[in-house]
Amino acid sequence: MTDRPEGNAVSTPDLPVILELGVASRPPALTLAEASRLATVAADAGVIALRLRDTEPEPRQPHGGPLLDPSVVAAYLAGRESRLGYLVDVPTTHHAPYNVARRVLSLDRASAGRVGVVLRPGEGDEVSDAVAPAAPGSGSERWAEYATVLAGLWDSFPREALVGDVAGAVVVRDELLRPIRHAGRFYRVAGPIDGPSSLQGRPLLLAADADLRREHVAAHADAVILDVERDSATIPAADELLAALGRVGRERRDIRLVGRWSIEPQDLRDASALVRRVTERSTVAGLDAVVLAPRGAASVETTLREVVPALVPAAAPRSTPRSTLRDALRLAEVAA
Amino acid sequence: MSEHLHLNVNILNAGVFGGSWRFPGTDPTASYDIEHYTSIARRAEAAKLDAVFLADSPVLESTIRHRTGNNLEPTTVLARIAAQTERIGLIGTLSSSYNDPVEVARRLADLDEVSGGRFGWNVVTTAGPAAAANFGRDAEPEHALRYRRAAHFVETVVARWDEGPPTPQGRPVVVQAGGSSDGKRLAGRVAEVVFSAEQQLAKAVAFRSELRSLAAGFGRRPDELVVLPGLSTVIGSTEAEARARREQLDDVLPDAYARARLGGQLGIDLSTLDDEQPIPDALLHDPDLAGGSQTFYRVVRDLIDREQPTLRQLLRRLSGGGGHRIVVGTPEQVADDVERWFRSGAADGFNLMPDVLPSGLDGVIDGLVPELQRRGLFRTDYDATTLRGHLGLGLPGVPADDRTPLEAAR
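All values reported here derive from a predicted model rather than from experimental measurement. (Residues numbered from 1 in each chain as written. Chains lettered and ligands numbered in written order. Predicted model: local features only at pLDDT ≥ 70, side-chain atom pairs only at ≥ 80, totals over all residues. Heavy atoms only, no water.)

A.B. asks: It is not clear to me how the overall build of chain A should be interpreted in this structure. Could you clarify?
C.D. replies: In terms of helices and strands, chain A carries 10 helices and 12 strands. Across the 336 residues in chain A, those meeting the buried criterion constitute 60%. The contacts in chain A between residues at least 6 apart in sequence include a share of 78% that link residues at least 24 apart. Per element, the accessible surface of chain A, about 12,900 Å² overall, is 51% carbon and sulfur. (Helix = DSSP H or I, 4+ residues; strand = E, 2+ residues; numbered from the N terminus. Buried < 20%, exposed > 50% of the residue type's maximum accessible area, 1.4 Å probe, protein only. Contact = heavy atoms within 4.5 Å. Areas by Shrake-Rupley, 256 points an atom, 1.4 Å probe, with all protein chains shown as cover.)

The following block contains the structure:
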């Protein structure tokens, strides 16, 4: 493990670190082969999870083309590096919720309960739209309904239903299954899902978009990713969100506030200063974790070697085989 | 005809028989763990098989109480297998009925990219009201409409692949199963690999010949289409051992499962019938009118027509399986059967479905494959790195592009 930079007088908060990547097929973007190598570097450095982007955040971002599908990349990387968790960005656009519920749960079951989905608001999909009873509605309303469907499906096949009773010739106690029979404005989904639920109760559901309504995020998200403005001392969105929690009957411990730092190459010229900024702002804002989003493939390794070790407490356990992503973020158990 | 035949293994959860999960020495819920799939894939690669195959349907099987079902989404499983293998092909089933073509085109091209050009897409239509209800519908669209949508869906996806940057094999391979009239027309037009379910040699020869003619009619070269019948294997080191294994598979078949499955296939409530009598003719109808899987309906119907079994005999004969041909014997006997079909023009190879997974794979990998290699019928090493390469497929032009909006089935 790398030593912490000398002269770091700020006590290191116990901040779980997530690394954000956009993986494409060709250089100069980060390629899969590079991402695979860096996943191991990340796990060694104490990163708890990779967040995989679906699209590039801004047009001017230098890249080699469109990004590879996050669920494909995550499944691939998880097959190589099992110590990390994986967060996949998925928009509602073009994705029927039953399909996403299955895909994310499959990833999660293959990764010992270390997966989450960053659900991005958007439009519908060709399959669902054909039968949507009343399609118009806000992106946030669709997002909230989508999140409801995901959670319901992820709970619909309790782990204890899978019994494999050879003598009694019963594989699954189907009386324990819970079809959701969801009939909403945007989606109608019967369920149940086709495989048992996650080790961590449910895969994590994350919000990352400022234009989602606070009540929707507060009601549905396990964690919210908040962009940290370079020049602002506070994160107003965090306070608004916490205020909304009470209105929807949830508590502070039910949601994780995750600050997202976009890291430019020039920020890395003084890694110690960057570390100080991240730790100070996180403490002031009461953040629970951070996402580091290095811009440019070359910045990823520098971030891992010079920034992450200073953020991850020396005593932080590397992801142990028994630790789920919910555990790593210190989220409460999911209510059954 | 190519010198070598092709072999896939269908990693069909616990195995192709209804009682596979209860077979002695089997962990009953192993197929609910990812390692089941990845370890089988690694063994299949060591044996130089063309591909692994995953069936799928976006629904929990109604038979889940008494039989294991597929339970992991195929692209996530295959991407993981891609990370842990280097050469073996990766064929996954995705429904044309309940997916968005824009999203599917991207995800599958990306899977092909990350695997180094090893992916094949098995296009299916999805039958049944339970699946329909997961996507807001009361019932699935009728058969012909499902296939019209499938045809347009495939063309849309392949056109998008053609517009995007090429993957290491150009674009994913298109695989298709489905022996209905609509299915055959679709296959002739767009499929590069066809999975079939034929019980008899003569019919299989005719089917393959018909498909190749259909393909030629669409301006394709016949060898752009590889036909792989399904083959369920029960292998023993002696014939007696193999037969005993087959008997044992029947013994562990949950009766409730077999009846539910057959009744579902035929659209008949079996509980009202006499086990010691054949199914009354009046209850059996024209396969073209069958709403569910026409392929399996035809297979079962043919069995009934040929053998006039009692209901009890029919249940046992099918052993709760999906209607694929079952071959029981030593590796040499199975190889004889495989060779006969291959040389007769009935098959370009087989989609193998071992009786039990993982134990039934032993007979394939340690017995059947070496015997076929010894006969010069199967590769002893990979010489290609892509699925197209393994299957001897070139990269033909894309099917005719129809840009009108997809017929979104209601």
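A.B. asks: What is the right way to look at the overall build of chain B in this model?
C.D. replies: Along the backbone of chain B there are 14 helices and nine strands. Compactness check: chain B gives a C-alpha radius of gyration of 20 Å against a globular reference of 22 Å for 410 residues, within 12% of the reference. In terms of its C-alpha atoms, chain B occupies a principal-axis envelope of roughly 60 × 50 × 40 Å. Residue burial in chain B is summarised as follows: out of 410 residues, 64% are buried. (Rg over C-alpha atoms; globule rule 2.2 N^0.38 Å.)

A.B. asks: It is not clear to me how the pattern of salt bridges should be interpreted in this structure. Could you clarify?
C.D. replies: Residue and element names in this part refer to chain A. What the rule picks out here adds up to 63 salt bridges over all chains. A salt bridge links Asp-89 to Arg-120, with the shortest nitrogen-to-oxygen separation between them at 2.8 Å. A residue pair is termed long-range when its members are at least 10 positions apart, and Asp-89 in strand 3 (residues 85–91) and Arg-120 in strand 4 (residues 115–120) qualify at 31 residues. Salt bridges sharing partners connect three or more residues here, namely Glu-20, Arg-51, Arg-53, Asp-89, Arg-120, Asp-209, Asp-227 and Arg-260. (Salt bridge = Lys/Arg side-chain N within 4 Å of Asp/Glu carboxyl O.)

A.B. asks: Looking at this structure, I do not really get the side chain of Arg-220 of chain B. What am I missing?
C.D. replies: All names here are of chain B. Positionally, Arg-220 belongs in the loop between helix 7 (201–217) and strand 7 (226–235). A polar contact is formed between the side chain of Arg-220 and the backbone oxygen of Ala-191, at a distance of 2.5 Å. Beyond its immediate chain neighbours, meaning those up to four positions away, Arg-220 contacts Ala-187, Gly-188, Arg-189, Val-190, Ala-191, Glu-192, Ala-215 and Leu-225. (Polar contact = N/O pair within 3.5 Å; in protein donor to acceptor, adjacent residues only side chain to side chain.)

A.B. asks: What should I look at first to understand the interface of chain B and chain A in this one?
C.D. replies: Put simply, an interface is often sized by how much accessible area is lost when its parts join up. Every contact between the two is made by 54 residues of chain B and, on the other side, 54 residues of chain A. In total, about 4,600 Å² of surface goes out of reach between chain B and chain A, with carbon and sulfur atoms giving 57% of it. As a salt-bridge pair, Arg-65 of chain B and Glu-175 of chain A come within 2.9 Å of each other at their nearest N and O atoms. Our count for the chain B to chain A interface comes out at 24 residue pairs in polar contact (both at pLDDT 80 or more). Taken together, the elements giving at least two residues each to the side of chain B that touches chain A come down to helix 2 (74–84) and helix 3 (101–114) of chain B. Ranked by residue count, the leading element in the side of chain B that touches chain A is helix 3 of chain B, at nine residues. In terms of residue class, the side of chain B that touches chain A is built from 26 nonpolar, 13 polar and 15 charged. (Buried area = accessible area lost by both parts, 1.4 Å probe. Nonpolar A, V, L, I, M, F, W, Y, C, P; charged D, E, K, R; others polar.)

A.B. asks: I keep staring at the environment of Pro-101 of chain B and nothing clicks. Help me out?
C.D. replies: Within the element layout of this structure, Pro-101 of chain B appears in helix 3. Between the C-alpha atom of Pro-101 of chain B and that of Gly-128 of chain B, which follows or precedes it by 27 residues, the distance is 21 Å.

A.B. asks: How do you make sense of the packing of aromatic side chains when you look at a structure like this?
C.D. replies: In this description, a pair of aromatic rings is defined by centroid distance and the angle of the planes. One pass over the full model with this rule turns up eight aromatic pairs over all chains. Among the aromatic residues, those joined into a cluster by ring pairs are Tyr-98 of chain A together with Tyr-98 and Phe-135 of chain B. Residue placement shows Arg-325 of chain B over the ring face of Trp-341 of chain B; its charged tip is 3.7 Å from the ring centre. (Phe/Tyr/Trp six-rings, centres within 6.5 Å; stacked < 30°, edge-to-face > 60°. Lys NZ or Arg CZ within 6 Å of the ring centre and 35° of its normal.)

A.B. asks: Even after reading the chapter, I still don't get the nonpolar core, so can you show me in this structure?
C.D. replies: What tends to happen in soluble globular proteins is that the nonpolar side chains get buried as a cluster. Residues and elements named next belong to chain B. Ranked by size, the top nonpolar core spans 168 residues in total, and within it Val-52 and Trp-121 carry the most contacts. Beyond its immediate chain neighbours, meaning those up to four positions away, Trp-121 contacts Gly-92, Leu-94, Leu-108, Phe-153, Val-154, Val-157, Trp-161, Val-173, Val-174 and Val-175. Grouped together as the second largest cluster of nonpolar side chains are 18 residues, Leu-253, Ile-279, Leu-284 and Leu-318 included. (Core = buried A, V, L, I, M, F, W, Y, C linked by side-chain atoms within 4.5 Å.)

A.B. asks: Just to check I follow, could you spell out the packing of helix 2 (residues 70–78) of chain A against helix 3 of chain B for this structure?
C.D. replies: The relative placement of two packed helices comes down to the angle between their axes together with the axis-to-axis distance. It is the contact of helix 2 of chain A with helix 3 of chain B, at a shortest axis distance of 9 Å, that shows an interaxial angle of 30 degrees. What the angle tells us is that helix 2 of chain A and helix 3 of chain B run roughly parallel. The handedness of the crossing between helix 2 of chain A and helix 3 of chain B is right-handed. Of the residues in helix 3 of chain B, those in contact with Pro-70, Ser-71, Val-72 and Tyr-76 of chain A of helix 2 of chain A are Arg-106, Arg-107, Asp-110, Leu-111 and Val-114 of chain B. A breakdown of the residues in the contact of helix 2 of chain A with helix 3 of chain B according to their chemical character gives five nonpolar, one polar and three charged. (Axes fitted to C-alpha atoms, helices over the stretch in contact; angles between N-to-C directions. Parallel < 35°, antiparallel > 145°, perpendicular 65-115°, else oblique. Left-handed = near helix turned anticlockwise from the far one by under 90°.)

A.B. asks: What's the story with empty space enclosed by the protein in this structure? I'm lost.
C.D. replies: Take a probe with the size of a water molecule and roll it over the atoms, and the empty space left behind shows itself. With the rule as written, the count across this model stands at 10 cavities of 30 Å³ or more. Its volume calculated, the second largest cavity comes out at about 110 Å³. In this structure, the second largest cavity is lined by 13 residues; those nearest its centre are Asn-99 and Arg-102 of chain A together with Asp-56, Glu-73 and Asn-99 of chain B. For the lining of the second largest cavity, the secondary structure elements donating two or more residues are helix 3 (97–110) of chain A together with strand 3 (89–95) of chain B. (1 Å grid on protein atoms, 1.4 Å probe; cavity = no way out; pocket = protein on both sides within 12 Å on 5 of 7 lines; lining within 4 Å. Points joined across faces, edges and corners; volume = space filled by probe spheres on them.)

A.B. asks: In this structure, what is going on with the layout of surface pockets? I would like to understand it.
C.D. replies: Residues and elements named next belong to chain B. Counted as a void, the second largest pocket has a volume near 680 Å³. Those elements that provide at least two residues to the lining of the second largest pocket are helix 3 and helix 5 (143–163). In terms of residues, the lining of the second largest pocket owes the most to one element, helix 3, which gives seven residues. Looking at side-chain class alone, the lining of the second largest pocket contains 11 nonpolar, 11 polar and 11 charged residues.

A.B. asks: For this particular structure, what's the right way to read the sheet that holds strand 12 (residues 289–294) of chain A?
C.D. replies: Whenever strands of a sheet pair, they do so through backbone hydrogen bonds, lying parallel or antiparallel. All names here are of chain A. Reading around the circumference, 1-2-3-4-9-10-11-12 is the order of the eight strands in this closed barrel, with parallel pairing throughout. With direction set aside, neighbouring strand axes in the sheet form an average angle of 25 degrees. In this sheet, strand 2 (residues 49–52) lies alongside strand 1 (residues 17–21) in parallel orientation, the contact comprising four bridges. Bridge pairing links Glu-20 to Arg-51 in strand 2. Of the strands in this sheet, strand 2 and strand 3 touch helix 2, which is tilted by about 170 degrees from strand 3. (Pairing = 2+ DSSP bridges.)

A.B. asks: Explain the packing of helix 6 (residues 181–190) of chain B against helix 7 of chain B to me, please; I cannot follow it from the model alone.
C.D. replies: Residue and element names in this part refer to chain B. Put simply, helix 6 and helix 7 touch, their axes get as near as 7 Å, and they point 55 degrees apart. Taken together, the axes of helix 6 and helix 7 lie oblique to each other. In this structure, the crossing between helix 6 and helix 7 has a hand that is right-handed. Across from Lys-184, Arg-185, Ala-187 and Gly-188 in helix 6, the residues of helix 7 making contact are Phe-207, Glu-210, Leu-211, Leu-214 and Ala-215. Class assignment for the residues of the contact of helix 6 with helix 7 results in five nonpolar, one polar and three charged.

A.B. asks: Got a minute to help me understand helix 1 (residues 34–46) of chain B in this structure?
C.D. replies: End to end, helix 1 of chain B covers 19 Å across 13 residues, agreeing with the expected 18 Å (1.5 Å per residue, within 8%). Listed in full, the buried residues belonging to helix 1 of chain B are Ile-34, His-36, Tyr-37, Thr-38, Ile-40, Ala-41, Ala-44 and Glu-45 of chain B. Its buried side turned inward, helix 1 of chain B meets helix 3 of chain A together with strand 1 (6–10), strand 2 (51–54), helix 2 and helix 13 (359–374) of chain B. Two residues or fewer past helix 1 of chain B, Lys-48 of chain B is found with a positive phi of approximately 70 degrees. (Expected span 1.5 Å × (residues − 1).)

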